[in-house]
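# Summary of the model geometry
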Amino acid sequence: MAVGTASSAAVAAVLLAAGVFSARSPASRKVSKAIASLLFYISVPLIVSYKVYSVPLVTLVDYAVVVTASVLTAFVSAALLVPRLLRDAPPETVGAAILAAGIHNSAFLPIPLMLLLYGDAGPAALYSAIMNIIIAVVTPLVLGYYSPIYRGSGRSTLVSVLHSLATYPPLYALAVGLLLRALQLPPSTVDAWRMGFTVGSYSTLLSFFLVGEVVARAGLRLDRGVAVVAAWRLLVEPAATAVAVDVAGLEGIWRHGALIESVMPAATMNLVVAMMYGLDYGLVARSIGLITPMSVAAAVAVRLLLG
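On a predicted model such as this, the values are computed, not experimentally measured, just so you know. (Residues numbered from 1 in each chain as written. Predicted model: local features only at pLDDT ≥ 70, side-chain atom pairs only at ≥ 80, totals over all residues. Heavy atoms only, no water.)

## What to know about the overall build of the chain
For the record, the criterion: Where helices and strands are cited, they refer to DSSP runs of H or I of at least four residues and of E of at least two residues respectively, numbered from the N terminus. The quantity called the radius of gyration is restricted to C-alpha atoms. Its globule counterpart is 2.2 Å times the number of residues to the power 0.38. For every residue, the accessible area (1.4 Å probe, protein chains only) is compared with the maximum for its type, and the residue is labelled buried under 20%, exposed over 50%, or partly exposed between those bounds. Every accessible area reported is derived by Shrake-Rupley at a probe size of 1.4 Å, with residue values counting cover from the shown protein chains alone.
Of regular secondary structure, the chain possesses 15 helices and zero strands. Against the compact-globule benchmark of 19 Å for 307 residues, the chain has a radius of gyration of 19 Å, which places it among compact chains. Along the first, second and third principal axes, the C-alpha atoms of the chain reach 60 × 40 × 40 Å. When burial is assessed residue by residue, the chain has 52% of its 307 residues classed as buried. In the form shown here, the chain has an accessible surface area of approximately 13,400 Å², with 71% of it arising from carbon and sulfur atoms.

Shown next, in the form of structure tokens:
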């Protein structure tokens, strides 16, 4: 199944426009939910499991180290410094800013971007699986400190962490890929799996509809909170990642994939978390709306400058 880059880019542009222009339609949220479910439960697990199975183990280990170092540097620095930079803001705004600064979109935007720019969505899918293990641990910590709703929910931090891990499909895909590495699968099975990986990769182009809808709903207004988030998304984490990939010695598409991930906007899942737990939903939405075009431009720059 071969789809040219130009054709894929055209499909992505159409889907992005469809998301923007349908954002005010009552049906758009249902479409977005269906797309998110397809990608979350089927496409991304297929991509992750095959990449974990087929990529050399040393690359997997190096990549996991880079992802962990990059994400934790951004998150910990945000947790320590954002409260000082937004010292006059209410706790709900500070908590939302920490999440938006430290937890970026690791799947629905970078996976199709990697497919368009490099023809391989695998590095981004694997990055997302690793990152979401970290997210499952750090998100409840932020909510426990800044969210009034979370404090009154009666759920302990440990239970929240375990629940997040247990209900994240790409984590199971990660485990399956690792387990099957020890087996000698029949060539026909591997071929079918590879086909599923390819179909799953191209289906992630649907996520451009989600991006378009979020940008249309969020708007493009700059304020101090958004500026702080933008600094972490476009400066702090990219700097940390540049150091990490050099230390780990990552090369080729894995190096470029890590760098592209590091400039991604705040995760759309932060919108859901902020809404559910009483954080500043508007700040997260504005951050996504303003930073997303810059992130796409930065990803294209990585491709053009680094090859």
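Now, onward.
## What to know about the environment of S262
So the rule is basically this: By the convention used here, residues are in contact when the closest approach between their heavy atoms is within 4.5 Å. Polar contacts here mean pairs of N or O atoms no more than 3.5 Å apart (in protein, one a potential hydrogen donor and the other a potential acceptor; neighbouring residues in sequence count only if both atoms are side-chain atoms).
Relative to the helices and strands, S262 is located in helix α13 (residues 252–262). Taking C-alpha positions, S262 is 30 Å from K30, a pair spaced 232 residues apart along the chain. Once residues lying within four places of it in the same chain are set aside, the contact partners of S262 are R233, E237, P238 and T241. Here the side chain of S262 touches L259 through a polar contact of 2.6 Å, landing on its backbone oxygen.

## Quick notes on the confidence of the model for the chain
Selection rule: Per-residue confidence from the prediction method is given by pLDDT, with values spanning 0 to 100.
Chain-level pLDDT for the chain is 87 on average; 95% of the residues reach the 70-or-more range. Of all secondary-structure elements in the chain, the lowest mean pLDDT belongs to helix α7 (residues 148–151), at 67, while helix α12 (residues 224–248) reaches the highest, 96.

## Quick look at helix α15 (residues 281–306)
Just so we agree on the cut-off: Here a helix's expected span is defined as the number of its residues, less one, multiplied by 1.5 Å. The quantity called bend is, for any residue, the angle between two axes fitted respectively to the seven residues ending at it and the seven beginning at it.
With 26 residues, α15 ought to run about 38 Å at 1.5 Å a step, and its terminal C-alpha atoms sit 36 Å apart, in line with that. Bending of α15 peaks at approximately 35° at the position of I291, with proline P293 no more than four residues after it. Where α15 begins, the capping side chain belongs to D280, and its oxygen is found 3.2 Å from the backbone nitrogen of G282. Looking one or two residues past α15, G307 carries a phi angle of roughly 85°, positive in sign.

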